[in-house]
Amino acid sequence: MSEEKRDRLSVSEDELIKRTALNDREAFECLYSRLHRSVYAYALTILKNKEDAEEVMQDCFLKIRAAAHTYHAQGKAQAWIFTIARNLCRMKCRETQKSVRVPVEDLESLLVFDPQTDISLRLALEAAFKVLSDQDRQIIVLRAYSDLKFTEIAAITELPLPTVLSKYRRGLAKLRKELEGKL
C-alpha cells in the first residue's frame, strides 16, 4: 500500500469534510468511498425501496459537498451525515407519499457475501431480518455498518438513548433466536 493511500485512510471524516469545503476532490471521494454503503443501507431501512435509497444516498453526498463549509468539526461527522440522510429520507417520503415494506430480498444488497460459498448464510440472515421492526433494523444497521455510538444513533433516529439501547439489545436477541440452528 502506498504511503499516500495509507495517509488518506488515516484521515478522519472531520478532516475530509474540512478539505471538501476547500474543494479538495480527493477528500470528497475518500469520504464517499468510506460512507456511501452505510448511508445507502440506512436510507434503505427507511425508504424500503432500492432506487429511492440510491437517490437519497447520492443527494446526501451532493448536500455534503455543498454544505461542507457549514460543518463545525466536533468528531461527529457521521452523525452529521446521517442526519442529512434522515432529513432527505423524510423529504422523499413526503414527496412520494408512500410507505411500502422493504422486500427482504433487498436487504441482500446490504450484505457482502461470495454468492457461491455463503448462500446459506445470506439466506439465513435475510430470513432473520424479517423478524425485526423497521426501527430495530435501522438501529442495528447504523451500529453495525457505521459503527456509530448509541448517543449518535439516538440523535439520528430522534429516540431517547435508553430506547435505542433496548431496541438494539432486543433486535440482536431476535436475530440470535431466529438464527439458532440455522448456521
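All values derive from a computational prediction rather than experimental measurement. (Residues numbered from 1 in each chain as written. Predicted model: local features only at pLDDT ≥ 70, side-chain atom pairs only at ≥ 80, totals over all residues. Heavy atoms only, no water.)

Quick question: what am I supposed to make of the confidence of the model for the protein here?
Caution applies to low-pLDDT regions: their predicted coordinates should not be interpreted in detail. For the protein, mean pLDDT is 80; residues scoring 70 or higher make up 76% of the total. The spread of mean pLDDT over the elements of the protein runs between helix H1 (residues 3-10), the lowest at 55, and helix H2 (residues 13-21), the highest at 94. Long-range and interchain partners of residues 113-117, a stretch whose pLDDT sits below 50, account for 5 contacts in this model, where long-range means more than four residues apart. (pLDDT = per-residue confidence, 0-100. Helix = DSSP H or I, 4+ residues; strand = E, 2+ residues; numbered from the N terminus. Contact = heavy atoms within 4.5 Å.)

Sorry if this is basic, but what is going on with the packing of aromatic side chains here?
Going through the model one piece at a time under the given rule, you end up with 5 aromatic pairs. With a centroid separation of 5.5 Å and 90° between ring planes, the pair formed by Tyr 42 and Phe 82 is classed as edge-to-face. Here Tyr 42, found in helix H3 (residues 25-47), pairs with Phe 82, found in helix H5 (residues 77-96); they are 40 residues apart in sequence, far enough to count as distant. Across the pair, exposure class does not vary: Tyr 42 and Phe 82 are buried alike. Arranged with centres 4.8 Å apart and planes meeting at 45°, the rings of Tyr 71 and Trp 80 form a pair that is tilted. Each residue in the set Phe 28, Tyr 32 and Phe 61 is aromatic and connected to the rest through ring pairs, giving one cluster. We note Arg 65 situated over the ring of Phe 28; from NZ or CZ to the ring centre the distance is 5.1 Å. Over the ring of Phe 150 we find Arg 143, and its NZ or CZ is 4.5 Å from the ring centre. (Phe/Tyr/Trp six-rings, centres within 6.5 Å; stacked < 30°, edge-to-face > 60°. Buried < 20%, exposed > 50% of the residue type's maximum accessible area, 1.4 Å probe, protein only. Lys NZ or Arg CZ within 6 Å of the ring centre and 35° of its normal.)

Is there a simple way to explain the pattern of salt bridges in this structure?
Oppositely charged side chains can pair when the atoms bearing their charge come close. In this structure the tally under the stated criterion is 10 salt bridges. Of the charged contacts, one joins Glu 15 and Arg 19 as a salt bridge, the two residues approaching to 3.2 Å between their closest N and O atoms. Here the residue Glu 15 and the residue Arg 19 both occupy positions in helix H2, the gap between them amounting to 4 residues, near one helical turn. Residue classification places Arg 19 among the partly exposed positions, given a relative accessible area of 31%. A salt bridge links Glu 158 to Arg 90; its shortest N-O distance comes to 2.3 Å. Here Glu 158, found in the loop between helix H8 (150-157) and helix H9 (161-179), pairs with Arg 90, found in helix H5; they are 68 residues apart in sequence, far enough to count as distant. Using a relative accessible area of 47% as the deciding quantity, one classes Glu 158 as partly exposed. Beyond isolated ion pairs, a larger network of salt bridges with shared partners links Lys 48, Asp 134 and Arg 137. (Salt bridge = Lys/Arg side-chain N within 4 Å of Asp/Glu carboxyl O.)

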